[in-house]
Amino acid sequence: MNIKPLADRVVIKMVEAEETTKSGIILTGSAKEKPQVAEIVAVGPGGVVDGKEIKMELKVGDKVLISKYAGTEVKMDGQEYTILRQEDVLAIVE
Amino acid sequence: MNIKPLADRVVIKMVEAEETTKSGIILTGSAKEKPQVAEIVAVGPGGVVDGKEIKMELKVGDKVLISKYAGTEVKMDGQEYTILRQEDVLAIVE
Amino acid sequence: MNIKPLADRVVIKMVEAEETTKSGIILTGSAKEKPQVAEIVAVGPGGVVDGKEIKMELKVGDKVLISKYAGTEVKMDGQEYTILRQEDVLAIVE
Amino acid sequence: MNIKPLADRVVIKMVEAEETTKSGIILTGSAKEKPQVAEIVAVGPGGVVDGKEIKMELKVGDKVLISKYAGTEVKMDGQEYTILRQEDVLAIVE
Amino acid sequence: MNIKPLADRVVIKMVEAEETTKSGIILTGSAKEKPQVAEIVAVGPGGVVDGKEIKMELKVGDKVLISKYAGTEVKMDGQEYTILRQEDVLAIVE
Amino acid sequence: MNIKPLADRVVIKMVEAEETTKSGIILTGSAKEKPQVAEIVAVGPGGVVDGKEIKMELKVGDKVLISKYAGTEVKMDGQEYTILRQEDVLAIVE
Amino acid sequence: MNIKPLADRVVIKMVEAEETTKSGIILTGSAKEKPQVAEIVAVGPGGVVDGKEIKMELKVGDKVLISKYAGTEVKMDGQEYTILRQEDVLAIVE
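Residues numbered from 1 in each chain as written. Chains lettered and ligands numbered in written order. Predicted model: local features only at pLDDT ≥ 70, side-chain atom pairs only at ≥ 80, totals over all residues. Heavy atoms only, no water.

Asks: I keep staring at the overall build of chain A and nothing clicks. Help me out?
Replies: Check the secondary structure of chain A and you find 1 helix and 10 strands. When the helices and strands of chain A are read in sequence order from the N terminus, they spell out β-β-α-β-β-β-β-β-β-β-β. Per-residue burial over chain A gives 46% buried out of 94 residues. Looking at chain A alone, contacts between residues at least 24 apart form 67% of all its contacts between residues at least 6 apart. Of the roughly 4600 Å² of accessible surface on chain A, a fraction of 47% belongs to carbon and sulfur atoms. (Helix = DSSP H or I, 4+ residues; strand = E, 2+ residues; numbered from the N terminus. Buried < 20%, exposed > 50% of the residue type's maximum accessible area, 1.4 Å probe, protein only. Contact = heavy atoms within 4.5 Å. Areas by Shrake-Rupley, 256 points an atom, 1.4 Å probe, with all protein chains shown as cover.)

Asks: Got a minute to help me understand the pattern of salt bridges in this structure?
Replies: When their charged atoms lie close together, side chains carrying opposite charge are able to pair. For the structure shown, the criterion picks out 35 salt bridges over all chains. A salt bridge links D8(B) to R85(B); the nearest nitrogen and oxygen atoms lie 2.6 Å apart. In this pair, D8(B) is assigned in the loop between β1 (3–5) and β2 (9–14) and R85(B) in strand β9 (residues 79–85), connecting sequence segments 77 residues apart. We classify D8(B) as buried; its relative accessible area is 4%. Notably, a salt bridge pairs E57(F) with K55(F), separated by 3.9 Å at the nearest N-O pair. Under the relative-accessibility criterion, E57(F) is labelled partly exposed at 49%. (Salt bridge = Lys/Arg side-chain N within 4 Å of Asp/Glu carboxyl O.)

Asks: I tried to follow the environment of G44(D) on my own but got confused; where do I start?
Replies: Residue and element names in this part refer to chain D. Among the secondary structure elements, G44 is positioned in the loop between β4 (35–43) and β5 (47–49). Assessed through its relative accessible area of 8%, G44 is described here as buried. Remark: the alpha-carbon pair of G44 and V89, spanning 45 residues in sequence, is separated by 14 Å. The contacts of G44, once residues within four sequence positions are left out, are P5, A7, R9 and M56.

Asks: What is the right way to read the nonpolar core from this model?
Replies: Proteins that are soluble and globular tend to have nonpolar side chains buried together. Residues and elements named next belong to chain F. Core analysis: the biggest nonpolar cluster contains 15 residues, and V10, I12, L58, V64, L84 and V89 have the highest contact counts within it. Where this core is concerned, the elements lending two or more residues are β2 (9–14), β4 (35–43), β7 (63–67) and β10 (89–93). When near neighbours in sequence (up to four residues on either side) are disregarded, L84 contacts D8, R9, V10, I12, I66, A70, G71 and V89. (Core = buried A, V, L, I, M, F, W, Y, C linked by side-chain atoms within 4.5 Å.)

Asks: Looking at this structure, I do not really get the side chain of T82(A). What am I missing?
Replies: Residues and elements named next belong to chain A. Relative to the helices and strands, T82 is located in strand β9 (residues 79–85). Judged by relative accessible area, T82 falls into the buried class, the value being 9%. Non-local contacts of T82, meaning those with residues more than four positions away in its chain, are made with V10, V11, I12, A70, G71, T72 and E73.

Asks: For this particular structure, what's the right way to read the confidence of the model for chain A?
Replies: For residues with low pLDDT, the predicted coordinates do not support detailed interpretation. Residues and elements named next belong to chain A. Chain-level pLDDT for chain A is 82 on average; 78% of the residues reach the 70-or-more range. Below a pLDDT of 50 lies the segment residues 28–34, which in the model reaches 16 contacts outside its immediate sequence neighbourhood of four places, other chains included. Among the scores for the predicted complex, ipTM is 0.77 and pTM is 0.79. (pLDDT = per-residue confidence, 0-100.)

Asks: I would appreciate a short explanation of unusual backbone geometry in the present structure.
Replies: Most peptide bonds are trans, and most residues other than glycine sit at a negative phi. The phi dihedral of A7(D) falls on the positive side, at around 55 degrees, and the residue is not glycine. Judged by its relative accessible area of 24%, A7(D) falls in the partly exposed class.

Asks: Even after reading the chapter, I still don't get the pairing of strand β10 (residues 89–93) of chain G, so can you show me in this structure?
Replies: In the case of a regular strand, side chains alternate between the two sheet surfaces. All names here are of chain G. By the criterion of burial, β10 is predominantly enclosed, with 5 of the 5 residues buried. With 4 bridges connecting them, strand β7 (residues 63–67) and β10 associate as antiparallel partners. Looking at the pairing, K63 lines up with V93 of β10. (Pairing = 2+ DSSP bridges.)

Asks: Even after reading the chapter, I still don't get the environment of V48(C), so can you show me in this structure?
Replies: All names here are of chain C. Assignment of secondary structure puts V48 in strand β5 (residues 47–49). Overall, the relative accessible area of 55% leaves V48 in the exposed class. Distance from V48 to D8, taken between C-alpha atoms, is 8.7 Å for residues 40 residues apart in sequence.

Here it is, written out as structure tokens:
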């Protein structure tokens with residue numbers, strides 16, 4: 001089974017906290033908005049979204065930083081995913 | 001009797017929870033926004049909506065993920081439907 | 001006496017609950033937003049509304065689904081009407 | 001003394017309740033928004049308003065339906081008027 | 001000393017209540033928004049404001065109706081003025 | 001050390017209350033919004049801001065009226081400054 | 001490990017308070033919005049963002065003033081960073 005995001009949406013899988021620590025990234029405990037490290041698992045086609053041409057810059061496998069409250073969570077085959085718009089992805093981590 | 005959605009709206013029928021489990025998709029219990037699996041049963045004509053040209057990407061029979069709070073519910077011939085805009089559909093599930 | 005809606009507005013008359021039941025449409029009791037079946041009794045001329053060209057898709061006699069909270073109610077010759085924008089009409093029921 | 005509304009504004013005078021009853025129009029007691037019957041007494045020049053070309057469709061003498069909370073009230077020579085934008089006029093009553 | 005309003009702003013001086021009564025204009029006591037009679041004492045140059053070309057329609061000496069809550073008050077040489085945008089002026093009184 | 005504002009921002013230094021009184025300008029005690037007299041000490045380059053071409057009309061040395069709540073305060077070399085957008089400057093005082 | 005901000009975002013590192021004092025910049029204690037001195041450590045590519053062409057004016061090494069509440073914090077290799085949009089940077093300090 002497969003999730004195909006629409007428009008300018010991407011599907012991400014959160015990277016485990018242990019993995020996060022290993023790679024040296026630790027998220028701050030700010031009460032307002034906690035960024036999170038995630039991996040892109042599916043990318044929408046882009047195109048005209050809300051009257052504007054959107055080019056998808058992200059690709060499957062990218063490690064990204066997102067805001068904790070961005071997007072909608074979904075669980076599939078026992079794995080949790082989040083579907084969000086490309087513009088809600090803050091940065092790529094390399 | 002038939003529902004013909006206007007503009008960029010689609011009509012969806014929620015997929016039963018049992019069927020959801022069978023297909024391996026289980027929705028998270030997030031208090032903020034619960035996505036749901038649904039099947040498209042009618043698609044509006046698209047066209048110019050709020051000054052922007054909207055092309056309908058969805059078709060009848062598509063299984064889709066939507067936010068729980070998107071759209072308006074209606075019951076017809078004993079079946080509940082939801083009418084929502086195409087942009088409120090998050091992803092297609094295959 | 002006659003109501004001529006301006007711009008992209010339509011005037012609707014709610015279809016009686018009994019008639020609703022007969023036709024097989026029953027509205028859900030959702031606390032958030034209850035859709036309702038109505039009949040179009042007058043249609044505005046459309047044209048440029050808020051800087052965008054609006055073409056009227058609805059015509060007098062159409063049975064439509066609307067959100068309960070859309071529009072403004074008015075009583076005339078003992079009959080209640082609602083005046084709302086075409087974009088607040090969700091679907092046509094046939 | 002004379003009120004000349006600016007841009008896309010019109011000046012209206014509420015039609016008395018008695019007159020309203022006589023003509024067969026009775027307003028509903030909805031707590032949310034009560035429409036009201038009024039007569040147009042002055043019409044602005046229209047033109048470019050907020051970057052959009054507005055053509056005035058209303059003329060002095062038109063009987064119109066408006067939302068109770070639209071516009072700003074002003075009393076002049078013992079008569080109360082309301083100044084509101086043309087887009088806040090819902091319909092013409094004939 | 002002189003106030004030169006920027007962009008599409010005008011500077012107004014409230015007309016005294018006595019003068020108001022003499023001219024036959026009395027403002028209503030609505031709790032929501034009280035319009036007021038004022039005289040234009042300075043007019044900005046207009047031009048492109050927020051990406052839109054604004055032509056100044058008001059001139060020094062015009063008597064105008066404004067909303068009580070529009071604009072910002074300033075006292076200069078013992079006289080109170082209000083600085084507001086031309087679009088917040090409702091009508092010219094002649 | 002020097003502050004160079006970005007885009008359509010300007011840096012202002014509040015004019016002391018004594019100086020304000022001497023020049024005959026006294027600010028009103030309105031609880032909603034208190035305008036203030038300030039001097040421009042730096043001007044951004046203007047250019048395309050939020051998709052619109054902004055031409056800077058203000059220059060260093062201008063005395064201006066601003067809203068008390070506009071902009072962000074910063075203290076540098078013992079002097080307080082405020083950084084705000086040109087559109088938040090109400091008028092020039094000469 | 002490296003953070004590559006997307007679109008018109010930049011990554012900044014707050015300048016230590018001691019360093020701030022040494023350079024003569026002290027931030028005000030306003031309860032509403034505290035600006036902060038920071039150093040740019042990464043700059044996004046710019047391009048079309050929300051339908052508008054954005055040119056990046058900032059470069060790595062720039063000392064900038066930002067609002068305290070702008071952006072999202074992230075900790076990496078023991079150092080805290082903030083990711084924010086270029087338009088949320090108020091000024092460059094030289």
